[in-house]
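Overview (structure and organization)
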Amino acid sequence: MTLCLQPVETVAQQCLEIGRIRFLALVDSLDPLVDALYRVRRTVLEMLRDRGYVISDTSADDLGMTAAEFENNFTASGYSRDSLTMFKQLRANAGEQIYVFFPRDVKLGKAAVDDYKRRLTNEGVARAIIVLQGPMTPSANKAVGEMEPAVRLELFLENELLINITKHVLVPQHEVLSDTEKAALLARYKLKDSQLPRVQKKDAVARYYGLTAGQVMKMTRPSETAGRYCTHRLCVG
């Protein structure tokens, strides 16, 4: 088995710059705010699909919605970010659900985080993504940390989601191994998970897939000699 470490931070920075350039080169017919949120929404839906949640590539409720349809809907809502809220179920287990929230506040405070916690607790949902316009207050950050492990809130800034970084030509194909697949990998090569190369939980691609400590990612890269080769990384942090 070939083990290789290749950080993606540089790639993530390149993707953010590409997103910034595209954002500045908007078509005249689309409002800049609407265009940005349309891109962010698409990336979130692709991220959920790649994590195994039920997302349709053709439905107008999901990835089938055009930019014009999104603009009409968002404008009709009075530019309400609450209208962008998503609720999705895992394809393999409908009992595992996730919310995606788009807060109205430019700087999210503790009161809003507490509201999300109450909603998630009341509905029995243990996971959510919050798409932020800007940084949170220190008290809000502390409140998010105190919610784990009962409730996990993942935080993304809007400008991190303007494009899907996993589509970058330099980012290999990624796959999150199940617990069974991880055990089989370790048994096959007579390894302990601590012997695998590591990836931080805050790594851009690890965040995209929502990895938690102990999970393993499989990466498949093209090879001129072997056709393709695979490496694996253990998520830590």
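Going along each chain's sequence as written, the residues are numbered from 1 onward. It should be noted that, the model being predicted, local features are given only for residues of pLDDT at least 70 and side-chain atom pairs only at 80 or more, the latter also being counted only at that level, while totals for whole chains, interfaces and linings use all residues. Hydrogens and water molecules were not included; the side-chain quantities draw on all heavy atoms of the structure.

What follows is about the confidence of the model for the protein chain. A low pLDDT means the predicted coordinates there should not be read in detail. Values of pLDDT, the confidence the predictor places in each residue, fall between 0 and 100. The pLDDT averaged across the protein chain works out to 89; a share of 87% of its residues lies at or above 70. Taken together, the stretch residues 1–5 has pLDDT below 50 and engages in 17 contacts with residues farther than four places along the chain or on a different chain. Residue contacts follow a heavy-atom distance rule, with two residues in contact if any of their heavy atoms lie within 4.5 Å. Of the regions scoring below 50 in pLDDT, residues 23–28 engages in 6 contacts with residues more than four places distant in sequence or in other chains.

So, about the sheet that holds strand β6 (residues 198–200). The pairing criterion for strands is at least two bridges between them, as found by DSSP. The way it works is that DSSP assigns letters per residue, a run of H or I at least four long becomes a helix, a run of E at least two long becomes a strand, and they are numbered from the N terminus. Spatial ordering of the open sheet is given by β5-β7-β8-β6, a layout of 4 strands whose pairing is mixed. A single partner strand is all that each edge strand has here, and the edge strands are β5 (173–176) and β6. Looking at each pair of strands side by side, their axes are set apart by 35 degrees on average, direction ignored. To get an axis, fit a line to the C-alpha atoms, keeping to the stretch in contact for a helix; angles then go from 0 to 180 degrees between the N-to-C directions.

Residue placement: L186 occurs in helix α6 (residues 179–188). Through-space distance from the C-alpha of L186 to that of L196 is 9.1 Å; in sequence the pair is 10 residues apart. Among all residues touching L186, those that are not within four sequence positions of it are L191, K192, D193 and L196.

Mapping D62 onto the fold places it in the loop between α2 (32–50) and α3 (67–76). Linking D62 and L45, residues 17 residues apart in sequence, is a C-alpha distance of 6.9 Å. With sequence-adjacent residues up to four places away left out, D62 is seen in contact with R41, L45, I55, S56 and K88. Within 3.5 Å is the distance limit for a polar contact, defined as a pair of N or O atoms, with the added protein rule that one can donate a hydrogen and the other accept it, and that residues adjacent in sequence qualify only through two side-chain atoms. Of note is the side chain of D62, whose polar atom sits 2.6 Å from the side chain of K88.

The N-to-C vectors of helix α4 (residues 110–123) and helix α5 (residues 138–147) enclose an angle of 25 degrees; their axes lie 8 Å apart at closest approach. Classified by the interaxial angle, the pair formed by α4 and α5 is roughly parallel. For the pair α4 and α5, the contacting residues are K110, V113, D114 and K117 in the first and S139, A140, A143, V144 and M147 in the second. When describing relative orientation, an angle under 35 degrees is termed roughly parallel and one over 145 degrees roughly antiparallel, while 65 to 115 degrees is termed roughly perpendicular and anything else oblique.

Further remarks concern the packing of aromatic side chains. Stacked, edge-to-face and tilted are the three classes for Phe, Tyr and Trp ring pairs, Trp counted by its six-membered ring, which pair at centre distances within 6.5 Å; planes under 30 degrees apart are stacked, over 60 edge-to-face, the rest tilted. For the coordinates displayed, the defined rule picks out 7 aromatic pairs. Ring centres of F70 and F74 lie 5.7 Å apart, and the angle between their planes is 15 degrees; on these two criteria the pair is classed as stacked. Taken together, the residues F70 and F74, both in helix α3 and 4 residues apart, mark about one turn of the helix. A single burial state applies to F70 and to F74, both of which are buried. When the ring of F101 is compared with that of Y116, the centres are 4.3 Å apart and the planes differ by 15 degrees; the resulting orientation is stacked. Residue F101 is located in strand β2 (residues 97–101), and its partner Y116 is located in helix α4; the two are separated by 15 residues in the primary sequence. Partly exposed describes any residue whose relative accessible area lies between the buried limit of under 20% and the exposed limit of over 50%, with all areas from a 1.4 Å probe on protein chains only and scaled to the type maximum. Given the relative accessible area of 2%, F101 is considered buried. Residue classification places Y116 among the buried residues on the basis of a relative accessible area of 13%. The rings of Y38, F70, F74 and Y79 are connected pair by pair, giving a single aromatic cluster.

Before going further, it helps to examine the environment of F74. With relative accessibility at 2%, the residue F74 sits in the buried group. Separated by 36 residues in sequence, F74 and Y38 have C-alpha atoms that sit 9.4 Å apart. Sequence-distant contacts of F74, that is, excluding residues within four places in its chain, are made with L33, V34, L37, Y79, S80, R81, S83 and L84.

Taken across its 5 residues, β2 has 4 buried, putting it largely inside the fold. Sheet analysis places β2 next to strand β3 (residues 127–132), joined by 3 bridges and oriented parallel. Residue pairing across strands places V100 opposite I129, the latter belonging to β3. Think of it like this: strands point away, you trace from the first strand over the helix to the second, and a clockwise trace means the crossover is right-handed. As for the winding sense of the linkage, the β-α-β connection from β2 through α4 to β3 is right-handed.

Our next topic: the sheet that holds strand β1 (residues 86–89). On the basis of which strands lie adjacent, the open sheet formed by 4 strands has the order β1-β2-β3-β4 and mixed pairing. With one partner strand each, in any of the chains shown, β1 and β4 (152–157) form the two edges of the open sheet. The mean angle between the axes of side-by-side strands here comes to 20 degrees, regardless of whether they run parallel or antiparallel. Where α4 meets the sheet, it contacts β2, β3 and β4, and its direction lies at approximately 155 degrees from that of β2.

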